[in-house]
Each structure stands twice: as structure tokens, then as C-alpha cells.
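Survey of secondary and tertiary structure
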Amino acid sequence: MNSPAVSLIGAPTDIGAGARGASMGPEAMRVAGLAEALRARGVDVLDRGNLVGPSNPWLPPVDGYRHLNEVVAWNRAVHEAVHAELQGGRMPILLGGDHCLAIGSISAVARHCREAGKKLRVLWLDAHADFNTSELTPSGNIHGMPVATLCGFGPRELVEIGGQVPAISPKVVRQIGIRSVDPGEKRFVHEQDLEVFDMRYIDEMGMRHTMELALATLDAHTHLHVSFDVDFLDPVMAPGVGTTVPGGPSYREAHLCMEMIADTGRMASLDLMELNPALDEKNRTAQVALDLIESLFGKSTLMRK
């Protein structure tokens, strides 16, 4: 992969989550040495510091949404920051923070693709489909709703952030590693024909075949966005998340996933979400996430011809 110019953007909030602590995720990745590791790979890295937004009021849901106004404020800030980096020709890496922030991030990427005349492919690496709505959600936590919101199913204040409704079509999304979906959400995923490679599919077909399908038809005009929720990983190796689900990809399966993404040379933006140091063990999960990001940027055991 040609070394891109990368900008780190911290979004220290757990505003859409059900557990406190993801607000410390950006600093945990800095402590793990993310900028230094990328620079060691020849990447031009700028750390833009942290975005600022409202604090978490920790209130119950209103009309099916927890903290909607605060979530909107944070996602608008993310949208503007990510779009500015893309306009400047840099690759934004959003350091979350909970996964509701992908609404701002991906809507900015979709806006950039419309402006640049590019196709978009979104890889959603997660234990959860995040395709809930206010009617379907059992909790009201908006970190369970970002994919549905991006596809136009959400409150007006969020679905309109990118300037076009819907921001994306379900057809541009490939979900990988899914193993926890609420019953109503499951029906909705099928109705919208979301392409999901769940853990049973990976168990049966293998990560290589899964990624070949997920990355099929990428070309020079495709912007590949990776939205990496750390709970994608099996909690045995990555305990520092608020919503652990057993049975995720193994360490090597996760690395193969990242290495095959790197091989395409198409990744142009990245979210790293839901890292929760308050639930971690000596920053172990941040270190695993760092190892995987290095693979995303071309680190491998041997030089590939």
C-alpha cells in the first residue's frame, strides 16, 4: 500500500453507549503508540487532537432515543472534521468513542464520494449489525442504530447530517463478524437486504472466502471505508469493550481480514470505535487494536511479491 497522509481525530465520548468508558478510547490508542507505529511504517501522521462536544447526561431514553441532542452535536462535529481531512487529501482515522459516531464519519465519506465522483464501499467489522431503530431498540442506545440511520431510518436531525437522505444505500455495506442481532432488528436487516457475513458464515466458509466476497468489485474509483468496532474481536483477546460477545474472529482471522483489506490498496478512511479502557486489562485491547491497524497499513510476516 502506498503510504497515505493520515490524520488522527479523537472523539472522546460514550454518548450513544450503554456503558461508560469509551470516551477514554482515543487516549488509550495514543498511549498504545498509534501515531508512532504508523510513522514507523512511513506514514505521514498528524494528530488533530480531540473534538469537543457535550458531556454525557446519562439520562433514560426519550421517544426511543437516549441523548439525541448530544448525539447530534457530536456527529456534526465528526462530520465536519472528517470531511475537512478528505477535502485536504488526507486519510481520516476517527478514534472513538462509541459507534454512534460512525453516522457523522460515514456521512462525511459519502458526501466526499459524491463530490469526487467515487463509488463507496463500507466494511462494518462488528459483533452487532447496529441496524436498530427507535421502534426496534430494546435500550434506546444510539450506538445500536448507526447503520440504519445512515440508510435513512432514524431521526431527521441525524439522517440529514450529510446533506443527502439516505446518506448511503444498504448495498454499499458489507458487515463482517456479526453474532448479536436483536429479533426485530434481524427482520429489518433481511427486509433491507443488508449483506451480512456473520460468524456462522465465517465458521463455514473461512475468513479468506468471506473477505474475497466483501472486497469483490473494488476498483480505482472506489473509496473503501473501514468501520472497526473493537467488539468485532473475540473478548478472550479484546476484553476492553462495553458489549462483549463471545465467539468472534480469532487473532489470526482478524489479521487476515486486515491484511486482505490492505492488499486492495483502496482503504481511504477508518473508524476505530468502542474501545473502553475502563473495562480493559493493562491496555491490552488497545495493543491488539494497534497490531490490527498495523496490518491494515501493510504489515505482514513476509514481503509479498
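Above this text is the structure in question.
For clarity, every value in this text was computed on a predicted model and none was experimentally measured.

**Concerning the state of the cysteines**
- Evaluated as defined, the whole model comprises 0 disulfides.
- With no disulfide of its own, Cys100 lies 16 Å from the sulfur of Cys151, the closest cysteine sulfur.
- Taking relative accessible area as the criterion, Cys100 reaches 0% and is therefore assigned buried.
- Left unpaired, Cys113 is separated from the closest cysteine sulfur, that of Cys151, by 15 Å.
- Under the relative-accessibility criterion, Cys113 is labelled buried at 4%.

**Focus on the pattern of salt bridges**
- Throughout the structure, instances matching the rule amount to 14 salt bridges.
- Arg111 is the salt-bridge partner of Glu115, the closest N and O atoms lying 3.3 Å from each other. Here the residue Glu115 and the residue Arg111 both occupy positions in helix H4 (residues 102–116), the gap between them amounting to 4 residues, near one helical turn.
- Between Lys299 and Glu294 there is a salt bridge, and its shortest N-O distance comes to 3.7 Å.
- A relative accessible area of 38% places Lys299 in the partly exposed class.

**As for the nonpolar core**
- Ranked by size, the top nonpolar core spans 51 residues in total, and within it Ile176, Phe228, Leu233, Ile261 and Phe297 carry the most contacts.
- Ranked by residue count, the leading element in this core is helix H10 (residues 284–296), at 7 residues.
- Residues contacting Ile261, with those up to four places away along its chain left out, are Leu123, Met211, Leu215, Leu224, Val226, Met267 and Leu296.
- With 45 residues, the next largest nonpolar core counts Leu86, Met145, Val147 and Val189 among its residues.

**Quick word on the packing of helix H3 (residues 68–87) against H4**
- Direction vectors running N to C along H3 and H4 enclose 35°, while the axes themselves pass 7 Å from each other. Helix-helix and strand crossings are classified by hand; for H3 and H4 the assignment is right-handed. Counted together, Asn75, Val78, His79, Glu80, Val82, His83, Leu86 and Gln87 of H3 and Ala102, Ile103, Gly104, Ser105, Ser107, Ala108, Val109, Arg111, His112 and Glu115 of H4 form the full contact between these two elements.
- The class makeup of the residues in the contact of H3 with H4 is 7 nonpolar, 8 polar and 3 charged.

**Structural notes on the sheet that holds strand E5 (residues 173–178)**
- Taken in spatial order, the 8 strands of this open sheet run E2-E1-E3-E8-E7-E4-E5-E6, and their pairing is parallel. Taken across any chain shown, the strands that pair with only one partner, and hence form the sheet edges, are strand E2 (44–50) and strand E6 (195–198). Neighbouring strand axes in the sheet, compared pairwise and without regard to direction, differ in orientation by 15° on average.
- Relative to E2, strand E1 (residues 5–11) runs parallel, the two being bridged by 5 bridges.

**Concerning helix H9 (residues 251–264)**
- Its 14 residues give H9 an end-to-end C-alpha distance of 21 Å, which sits within 8% of 20 Å, the value for a rise of 1.5 Å per residue.
- Those residues of H9 not exposed but buried are Ala254, His255, Cys257, Met258, Glu259, Met260, Ile261 and Ala262.

**Looking at the environment of Arg208**
- The topology assignment puts Arg208 in helix H8 (residues 199–214).
- You can call Arg208 exposed: its relative accessible area is 56%.
- Taking the C-alpha atoms as reference points, Arg208 and Met260, separated by 52 residues in sequence, lie 8.1 Å from one another.
- Sequence-distant contacts of Arg208, defined by excluding residues within four places in its chain, comprise Leu256 and Met260.

**Details of unusual backbone geometry**
- The omega torsion of the bond from Gly96 to Gly97 falls at 15°, within 30 degrees of zero and hence cis.
- Geometrically, the link from Val165 to Pro166 is a cis peptide bond, its omega value of -5° lying close to zero.
- As for its placement among the helices and strands, Pro166 is situated in the loop between helix H6 (156–159) and E5.
- Residue Asp63 is not a glycine yet carries a positive backbone phi of 55°.
- Relative to the helices and strands, Asp63 resides in the loop between E2 and H3.
- A positive phi is found at Lys282, a non-glycine position, where the angle reads about 55°.
- Mapped onto the secondary structure, Lys282 falls in the loop between strand E8 (267–273) and H10.

Rules behind the numbers
- Residues numbered from 1 in each chain as written.
- Predicted model: local features only at pLDDT ≥ 70, side-chain atom pairs only at ≥ 80, totals over all residues.
- Heavy atoms only, no water.
- Disulfide = S-S within 2.5 Å.
- Buried < 20%, exposed > 50% of the residue type's maximum accessible area, 1.4 Å probe, protein only.
- Salt bridge = Lys/Arg side-chain N within 4 Å of Asp/Glu carboxyl O.
- Helix = DSSP H or I, 4+ residues; strand = E, 2+ residues; numbered from the N terminus.
- Core = buried A, V, L, I, M, F, W, Y, C linked by side-chain atoms within 4.5 Å.
- Contact = heavy atoms within 4.5 Å.
- Axes fitted to C-alpha atoms, helices over the stretch in contact; angles between N-to-C directions.
- Left-handed = near helix turned anticlockwise from the far one by under 90°.
- Nonpolar A, V, L, I, M, F, W, Y, C, P; charged D, E, K, R; others polar.
- Pairing = 2+ DSSP bridges.
- Expected span 1.5 Å × (residues − 1).

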